[in-house]
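Chain by chain, the residues:
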Amino acid sequence: MHDAVTVLGLMSGTSMDGIDVALLSTDGERLTDRGRGLSYPYPLDARDRVREASKAAWRIWGPHVKSHAVDPEDMALLEAVEREVTELHAKAISDFLDAFGLSRKDINLIGFHGQTVFHDASRRITRQLGNGPLLAQLARIDVVHDFRSADVAAGGQGAPLVPVYHRAVSDEIGFEKPLAVVNIGGIANITWIDADGTVIAFDIGPGNCMLDEWMQQEAGLAFDRNGEAALRGKVDKAVLKRLASHPFYRRKPPKSLDRYDLPGLKERELSLEDGAATLTALTAREIAACAEFLPKRPRRWVLAGGGAKNPAIVQAIAEAVREPVISADEMGWSAEHFEAEAFGFLAVRALRKLPLTFPLTTGVQRPLTGGRLARAPRG
Ligand SMILES: Nc1ncnc2c1ncn2[C@@H]1O[C@H](COP(=O)(O)OP(=O)(O)OP(=O)(O)O)[C@@H](O)[C@H]1O
Ligand SMILES: CC(=O)N[C@H]1[C@@H]2OC[C@@H](O2)[C@@H](O)[C@@H]1O[C@H](C)C(=O)O
């Protein structure tokens, strides 16, 4: 057995709202000293620039792009935003260490996911903004970064990566298996864990991304706080049927999504409340329906990610499945910092050359390690 490493995991998810930081100790298999996590929202202007960068990434790598004549302005924008995102991560690390009275010498390693701005596994392209060597230099701590490229290059989906972490955490708790862990972030994904350790995972469909966009576009709100709009609205069945007819949902795993792959509602197509109710129903319906791809129904559904804090989503899922549904927080797992912790865990696995992805998670042919190490300047 290896010694445990004290690692900081950093995640900035598809909601593009900020940086989650979590601290844990792990040897890459077992986890100890978990539970300390904090979130650092992006300043509003930085958030806008990250969104601009994802549009630039679409112009550079989108499937419609025939020529490789890349607009240098788009490239320059990506570079500038990558630097800014990296500096914001360095600031989050230093604020996190201050908040817990720690120094950089207490931390052995950082797992740095970066900000996804483009993902199309079928064309073997996945791009996270985040400069690992620069972060290692700024934080003066070794950094593992670029977690998805090796998997995508080997023909995998490059996502989801958290399943191996979900399995490690679920091993700590004696729940009956099979267990389904559903992360409801911008996009929702599932990890199904059987008693013999078999793990199946894939992206399901929207978590909150369509709903967030709807609330932003129709009401200038960042999201449907506590599901208030959805709970007041009525599901439009015809619209729901149209949204759910996208072929992605019935495609067999392995499969992964980019934030903009699936169409949402058109502008002013429904009232604010009915639109929120309909998008909430879509998220819940596809989460429940994804059980069709599992060899056995889960005995329990654990919900994590920001969507687990939305009572309208949780209630709709509980109505759509027949098994008990609980939140990761109720299990003593931190729903909020789950993914950040996962990338700390994955960083240690990467350092030890342990596999991150598997045939039944990303569809890669053989279990595969990943990530790249950027060393901090010595001294
Ligand atoms: N109190 C709340 N009520 C309703 N929704 C909420 C609440 N808190 C968070 N959310 C939702 O959760 C979203 C953020 O979720 P999360 O931080 O898990 O996403 P992410 O990590 O960016 O995404 P991903 O897992 O896809 O990378 C918000 O945009 C919002 O839609
Ligand atoms: C390309 C990319 O960043 N994908 C994210 C995204 O956000 C949720 C879903 O889509 C997920 O599969 C993945 O992130 C999680 C953390 C993962 O890889 O497990």
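Residues numbered from 1 in each chain as written. Chains lettered and ligands numbered in written order. Predicted model: local features only at pLDDT ≥ 70, side-chain atom pairs only at ≥ 80, totals over all residues.

Asks: Could you clarify how one ought to interpret the overall build of the protein in this entry?
Replies: A tally of regular secondary structure across the protein gives 11 helices and 12 strands. The globule rule puts the C-alpha radius of gyration for 379 residues at 21 Å, and the 20 Å found for the protein is close to it. Relative to its 379 residues, the protein shows a buried fraction of 50%. (Helix = DSSP H or I, 4+ residues; strand = E, 2+ residues; numbered from the N terminus. Rg over C-alpha atoms; globule rule 2.2 N^0.38 Å. Buried ≥ 20, exposed ≤ 12 C-beta atoms within 10 Å, placed from the backbone.)

Asks: Would you mind showing me how to read the site of ligand 2 here?
Replies: Around ligand 2, the surrounding shell holds 17 residues, and the nearest of these are T116, A159, P160, V162 and I187. Of all the elements in the fold, those that place two or more residues in the shell around ligand 2 are β4 (109–120) and β8 (187–193). For the shell around ligand 2, the domains that each give at least three residues are domain 1 (5–156 + 365–374) and domain 2 (163–331). (Near = placed C-beta within 6 Å. Domains from an automatic or database assignment.)

Asks: Please clarify how the environment of E341 should be interpreted in this entry.
Replies: In this structure, E341 sits in helix α11 (residues 338–351). Excluding residues within four positions of it along the chain, E341 makes contact with G9, A22, L24, R34 and G37. (Contact = placed C-beta atoms within 7 Å.)

Asks: It is not clear to me how the site of ligand 1 should be interpreted in this structure. Could you clarify?
Replies: Of all residues adjacent to ligand 1, which total 22 residues, the nearest are G13, S15, G185, N208 and G306. Here the residues of the shell around ligand 1 sort into 2 nonpolar, 14 polar and 6 charged. Two domains share the shell around ligand 1, each providing at least three of its residues, namely domain 1 (5–156 + 365–374) and domain 2 (163–331). (Nonpolar A, V, L, I, M, F, W, Y, C, P; charged D, E, K, R; others polar.)

Asks: When you look at the pairing of strand β1 (residues 5–12) in this model, what are you seeing that I'm missing?
Replies: If a strand is regular, its side chains alternate between the two faces of the sheet. Across the 8 residues of β1, 7 count as buried, placing the element largely inside the fold. Taken together, the 7 bridges between β1 and strand β2 (residues 18–26) define a ladder with antiparallel strand orientation. In the strand pairing of β2, V5 is matched with T26. Where β1 hands over to β2, the hairpin turn is made up of 5 residues, of which M16 adopts a positive phi near 60 degrees. (Pairing = 2+ DSSP bridges.)

Asks: Help me understand the environment of I204 in this model?
Replies: Position of I204 among the secondary structure elements: in strand β9 (residues 199–206). Note on I204: 25 C-beta atoms within 10 Å, which makes it buried.

Asks: Is there a simple way to think about the UniProt feature "binding site: ATP" (unreviewed entry) in the protein in this case?
Replies: The sites that carry the UniProt feature "binding site: ATP" (unreviewed entry) are, in the present numbering, G13, T14, S15, M16, D17, G18, I19 and D20. Topologically, M16 is positioned in the loop between β1 and β2. Residue M16 is classed as buried on the basis of its C-beta count, with 21 C-beta atoms lying within 10 Å. By the element assignment, I19 lies in strand β2. Beyond its immediate stretch of four places on either side in the chain, I19 contacts L10, S12, Y40, L88, H89 and A92. (UniProt positions renumbered as here; feature names shortened; annotations may be inferred.)

Asks: Help me understand the environment of S256 in this model?
Replies: Positionally, S256 belongs in the loop between α8 (237–244) and α9 (272–289). Note: C-alpha distance between S256 and F202 (54 residues apart in sequence) is 6.4 Å. Every residue in contact with S256, bar those within four places of it in the chain, is listed here: H119, A121, Q157, G158, A159 and D203.

Asks: Explanation requested: unusual backbone geometry in the structure shown.
Replies: Excluding glycine, a negative phi dihedral is what most residues carry, and trans is how most peptide bonds are arranged. K177 connects to P178 through a cis peptide bond whose omega is -5 degrees. Following the sequence through the fold, P178 ends up in the loop between α5 (163–171) and β7 (179–184). In this structure, P254 follows P253 across a cis peptide bond, with omega equal to 5 degrees. Relative to the helices and strands, P254 resides in the loop between α8 and α9. For N226, which is not a glycine, the phi torsion comes out positive at approximately 55 degrees. For N226, the position within the fold is in the loop between α6 (209–219) and α7 (228–232). Since 12 C-beta atoms lie within 10 Å of it, N226 is described here as exposed.

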